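Spelled out from the first residue to the last, the chains are:
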Amino acid sequence: MRVTPAKGRRTRLRGWLIAAAVVLLVLLFSLRGLAGFYTDSLWFDSLGQGGTWERLLAARVVPALVFTVLFFAILLLSLIIADRLAPTSRLATAQTPEDELIDRYRQLTARFRGRIRVGVALFFALIAGIGVSSQWRDWLLFTNGTDTGTTDPQFGKDIGFYLFKLPFINFIIDWLFAGLVIVLLVTAVAHYLNGGIRFQSTVERVTPQVKAHLSVILAIMALVKTAEYYFSRFDLNLSNRGVVDGASYTDVNAQLPALKLLIFVSVIAALLFVWNIRRRGWVLPVIAVGLWGFVSLVVATIYPAAIQNFRVKPNEFANERKFIDRNIAATRESFDLAKVDVKNFDFTGDVAPEVVEANLATIDNARLWDPNVIQDTYSTLQALQTYYRINDVDVDRYDINGQTTQVLLSARELNGSELPSQSWVNEHIVYTHGYGAVASPSNEAQSDGSPVFVLDDIPPVGESLTLSDKGAQIYFGERIDGYVIVDAKSPELNYARQGRNDALTRYTGKDGIVLSNVIRKAAFALRFGDANPLISGQVDGDSRVLMLRGIRERVTKLAPFLDFDADPYPVITEGRTTWILDGYTTSDRYPYAQSFSGSGGLSSTFNYVRNSVKVTVDAYNGTVKFFVIDAKDPVIRAYQKAFPDLFSPFSEMPDELVAHLRYPEDLFKVQSDVFSKYHVTQARRFYTGNERWLLSPDPNSVVGTIPTASPRSTTAQGRSPEISATTKRQDPFYLYIRLPGEDRESFLILQPFVPVSKDNQQTRLVAFMTAKSDPRDYGELDAFVMPQGEQVLGPVQVAANINKDTTISQRITLLDQRGSEVISGNVQLIPVGDSIVYVQPFFTIASQGAEFPQFQFVAVLVQDRAPVIGATVADALAQLFGEAPQAPTPDDTPTTPEGQTVDQLLAQATEKFAAADAALRDGDLGTYQSLVKEAQALVAQAQAILDGTAPTTTTTTSAAAPAAFRR
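Now for a look at the structure at hand. Nothing here was measured: the structure is a model prediction, and the numbers come from that model.

## Section: the sheet that holds strand S8 (residues 484–486)
Item 1. On the basis of which strands lie adjacent, the open sheet formed by three strands has the order S8-S12-S11 and antiparallel pairing. Both edges of this open sheet fall to S8 and strand S11 (513–514), since each of them pairs with a single strand only.
Item 2. Pairing geometry for S11 and strand S12 (residues 544–546), over two bridges, is antiparallel. Residue pairing for S12: Ile-513 is matched across the bridge by Val-545.

## Focus: the packing of helix H2 (residues 50–84) against helix H6 (residues 136–144)
Item 1. One way to put it is that H2 packs onto H6 with a least axis distance of 9 Å and a crossing angle of 100°. One way to sum up the angle between H2 and H6 is to call them roughly perpendicular. Mapping the contact onto sequence places Leu-56, Ala-59, Arg-60, Val-62 and Pro-63 in H2 and Trp-136, Trp-139 and Leu-140 in H6.
Item 2. Of the residues that constitute the contact of H2 with H6, the class distribution is seven nonpolar, no polar and one charged.

## Concerning helix H22 (residues 665–678)
Structurally, the α-helix is built with 3.6 residues per turn, so residues lying three or four positions apart point the same way.
Item 1. The end-to-end C-alpha separation of H22 is 19 Å, in line with the 20 Å expected for 14 residues at 1.5 Å each.
Item 2. Of all the 14 residues making up H22, 10 are buried; the element is thus mostly covered by neighbouring parts of the structure.
Item 3. Burial in H22 covers these residues: Asp-666, Leu-667, Phe-668, Val-670, Gln-671, Ser-672, Val-674, Phe-675, Ser-676 and Tyr-678.

## Notes on the pairing of strand S4 (residues 403–414)
Item 1. A large share of S4 lies buried, amounting to 10 of its 12 residues.
Item 2. In the sheet, strand S2 (residues 388–390) pairs with S4 via three bridges, with the strands oriented antiparallel. The residue of S4 that forms the bridge with Ile-390 is Arg-412.
Item 3. Pairing geometry for strand S3 (residues 394–400) and S4, over seven bridges, is antiparallel. Counted as the bridge partner of Ile-400 is Gln-403 from S4.
Item 4. Between S3 and S4, which pair antiparallel in sequence order, lie two residues; one of them, Asn-401, sits at a positive phi of approximately 55°.
Item 5. The pairing of S4 with strand S6 (residues 437–441) spans five bridges and is classified as antiparallel.

Conventions and cut-offs
- Residues numbered from 1 in each chain as written.
- Predicted model: local features only at pLDDT ≥ 70, side-chain atom pairs only at ≥ 80, totals over all residues.
- Heavy atoms only, no water.
- Pairing = 2+ DSSP bridges.
- Helix = DSSP H or I, 4+ residues; strand = E, 2+ residues; numbered from the N terminus.
- Axes fitted to C-alpha atoms, helices over the stretch in contact; angles between N-to-C directions.
- Parallel < 35°, antiparallel > 145°, perpendicular 65-115°, else oblique.
- Contact = heavy atoms within 4.5 Å.
- Nonpolar A, V, L, I, M, F, W, Y, C, P; charged D, E, K, R; others polar.
- Expected span 1.5 Å × (residues − 1).
- Buried < 20%, exposed > 50% of the residue type's maximum accessible area, 1.4 Å probe, protein only.

Without other data, these values stay purely geometric and don't point to any function.
So this is what it looks like as structure tokens:
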């Protein structure tokens, strides 16, 4: 039947209309994604990183496009060949129902066969190619990685080959083989539709031409498998078959020869498939596949398993010794532990007064406050408004009154979920930022148990630490979510002023994307799922949108190929607030290195890690800088090559920020965990495992038990310590101390170790590891090992001895009643000369009144002496070497000079706490603080009575320090 021109035009018009409708629907459903794409480009441009955005986009698009085109060309070529090989004799006459069905299909599709080929090839090419974009990191490293100058011990290949080349090569091989399977299946279907394959034929079911065509595809697949076997040899360096990771005895002596044999067999199979092009039968392909399968099963699977079980395991160490040595060397290098300086610690149980005198700076900086404890105290006393939030408290060091002091610091961020009104204008235009910071020395507390603030209140008040108005404004922080619009018609709230008009402001910083036209406004409205940026009368052509204001969210958007520490920390310099965040490069492809899993920002599994980048984010401007601190790291060098606009040399970091760098906790946790096993460098000792260490259990997590120095002893309750492999381990802690053998203090992070033991019962200290943070020696790792056989108290044992001391337990019992709860702080291990001073602070939270942690006292223990308590560490040490107060006997009925008993004092304190609680609910912070101080003074009097130190006319919480311990 002939189609008239008019009817043909109507058909074509209908087709175009359908196509247009489909395109319109796709655009409608893709609008938000397109808006996100467009606004991302604007955001990168606003930070001066437009080139980085283009390169990130290219890293995803280019490999996907290349592999899509490649697959399309391969499949289309195969389909064209299939059509050319279609048998004309079979198509002439339909002989079976199968032939009749296919003949009807061919008649219906005869006019569109070319389009069908292209459509089928394009469909499968998109499926096979688009997913390649997920391999963008491997693509970047593949195209930018270079040699490292270090080779692996098995094959002599440069380490860069494993880090940069091998991962993407393996992907290409896997992709090619999977793609050829699809090509084989689609081609076979095409031959079936063309008549080259017939299942119901009584004569020739597959034509010789089809056999030849499929044989070519199978031959190419065999060659791809040859490449897979060849490169699988190098993957043996990442094997986990043996005692440790890396190529083991079985891998080298059984699996490697099997792979070499499979290379030969796959080449033979490919030749047989090629020969079959001439013979065009099934015998050769069956022989090739059968031989291939037999060798794979017997030689590559059964034989290595037999070697492992019957030769290696009966004499494991002798066979694996060489490979254990390789693993030790590679692991220490890949986790940057080869530079650890291991030192013997000549432990002395007691500490001499002159040693204390020489280490006063170390002792004075012992922490009385734990960051995780003081956060609630900061929140109660210094959040000040419901729409402010103290998210985290960090440890740093600052010059306070001319002396380097360990300081706790937190930025006061915006809490958008607690605004006075949750209107759109409030959320996105008026309440745009947090304000100020809170800081206090970690070694001081007021008489009422509150911190001694060196920076507090709004506007910020401080002498040693100061903030300008702009520097106090926190537009970018740890937990600032959502977007805000600045330069809107309404001004922003800067901060509230009691009894006066609120302080208002307008943002003048560098960040922000100008909403200069309706297209931009519509794009952001789509991105945020909020029409107000488009329709609100508050938004004009000068308004700017600030987004991605969370620190980790911001830096991850700019550098998604890096891992970032879980704990950004603020630094106050020159009146401004700057966030510092550590960036890591990781890999799981370092040959022979052992795999480990970290925590926080390093929660994945890897066998190579470097802290190569320090990132700074200005809290006001949002400016992000990536400083390369480890230019020797080959991975960061590859990323620098890929993104030249993103990274800056470390020499360009301002000196005032360099002075506040910290060795990152997430990295130190991983290195400590690895070093607990890999401090042993001799293969035999490593294999037996008896000299391995464990991270010390967290004393505060050993619930309901009080372990002692002897693993066989029982607690006061007659129970054995309940410590297991799953017991929480003590986190490392920052200190400002002088290490043994050094002439000055350093800001460092420290992790104690205990020995491996049956049922984890050994809790004595066997070693501790430190990492320095000061610019002069940043990154220096030291391990101090206790004398062999010496029973040095570990943190769990220290906490047990402190809890069991009669005087301290009475003090805890006194505080842990009448509406208050005692909180045990972190046990700190502080080297002082050749001895160790152990420090544990104690806090209380009252159920009435001051419902936040307040410092009460610090317990100090030196191994050969009974623990003592004081208001400071120096105070407690003074008691150790001075005249220690005598605790009252249980039969005593202590009273004050005025005749008041402990019960009477506590009753009065309870009343004061209740009144303070009422004042806090009424918002009267001044009365609240005054009543809390009075209540704490009453509690202090009661404590002094029980300690036997109650004075005749005044109250004190500790004995006076001898002149030798005064500063």
